[in-house]
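# Secondary and tertiary structure notes
As a plain string of letters, each chain reads:
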Amino acid sequence: MKACSSAMSTRVKQRAVIKFLTAEKVTLTEIHRRLKAVYGDDAVDKSTVNRWVIKFRACEPGKAIIVDETRSERPITVTDDKHRKLVDDLIQNDRRITQKRIANHIGISKERVSFIIEQLGYRKICAQWVPRCLTDENKQRRLECCEQLLQRYRDEGDDFLLNIVTRDESWVHHYDPEEKRQSAEYRHPYSSQAKKFKTQPSAKKLLLTVF
């Protein structure tokens, strides 16, 4: 007994069925239902059926082509060591470079660039927000202060900790300005839309300090 048809020949057969049923003026939904009944999980999805129905309706009866046209695809060799080296060099020179720029520079698809970047082990990570950009002098000053505090703790023990006063501060608004989502209201489709003025009284702030 001969082996079952390949996946490609199954798709071609389904296109032939779609072509015939389209000529019979069968609806898109009914065509897809019949394909599912015959081919089961191997049946094409509804969007594919719709695409081929549109194509067959645009052609004269009997002249529509159901096989894929030959295409000049890029060879898989674009992911070789040479292209990996080019992608790696571009990323090393500009850590913020986009995949689109890499693809245009090397002359390969964006999808292949993404595959190579994954092979190289790169991940694009956003920069971390920090309170301030400290200079070398600032860092050295902080190091000296920490060493002085540690030395005092060694000399005075727990008595030193009892003399420490902690402080925190935060800006507090006089009132919380209303956000856009907070002003949302339930209304009927024929009701007039409520207005919200952009210019509002300034929400003045106070610096709250706690010791």
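Within each chain, residues carry numbers counting from 1 in the order of the written sequence. Since the coordinates come from a predicted model, pLDDT governs what is reported: local features require at least 70, and pairs of side-chain atoms require 80 or more to be given and counted, while whole-chain, interface and lining totals use all residues. Here the side-chain values reflect all heavy atoms present in the structure, with hydrogen atoms and water set aside.

### Points about helix α4 (residues 81–93)
For clarity, the threshold we go by: Every helix listed is a DSSP run of H or I at least four residues long, and every strand listed is a run of E at least two residues long, numbered separately from the N terminus. Expected helix span is computed as 1.5 Å times (number of residues minus one). A 1.4 Å probe rolled over the protein chains alone gives each residue an accessible area, and that area as a share of the maximum for its type sets the label: buried under 20%, exposed over 50%, partly exposed in between. Think of the arc as the fan of directions from the helix axis to the C-beta atoms. Note on contacts: a residue pair is in contact if any heavy atoms of the two residues lie within 4.5 Å.
Here α4 contains 13 residues, and its C-alpha end-to-end distance of 18 Å stays within 8% of the 18 Å for a straight helix at 1.5 Å per residue. Taken residue by residue, α4 has His-83, Val-87, Leu-90 and Ile-91 as its buried positions. End-on view of α4: buried residues confined to an arc of 100°, all on one side of the axis. Turned more than 90 degrees away from the buried face of α4, the exposed residues are Asp-81, Lys-82 and Asn-93. On its buried side, α4 packs onto α5 (99–106) and α6 (110–120).

### Some words on the environment of Thr-29
Its place among the elements puts Thr-29 in helix α2 (residues 28–39). Separated by 21 residues in sequence, Thr-29 and Asn-50 have C-alpha atoms that sit 9.0 Å apart.

### Digging into the state of the cysteines
Note the threshold: In this description, a disulfide is simply a cysteine sulfur pair whose atoms lie within 2.5 Å.
Scanning all chains against the criterion turns up 0 disulfides. Here Cys-145 stays unpaired: no disulfide links it, and the sulfur of Cys-146, its closest cysteine neighbor, is 6.9 Å away. With a relative accessible area of 28%, Cys-145 lands in the partly exposed category.

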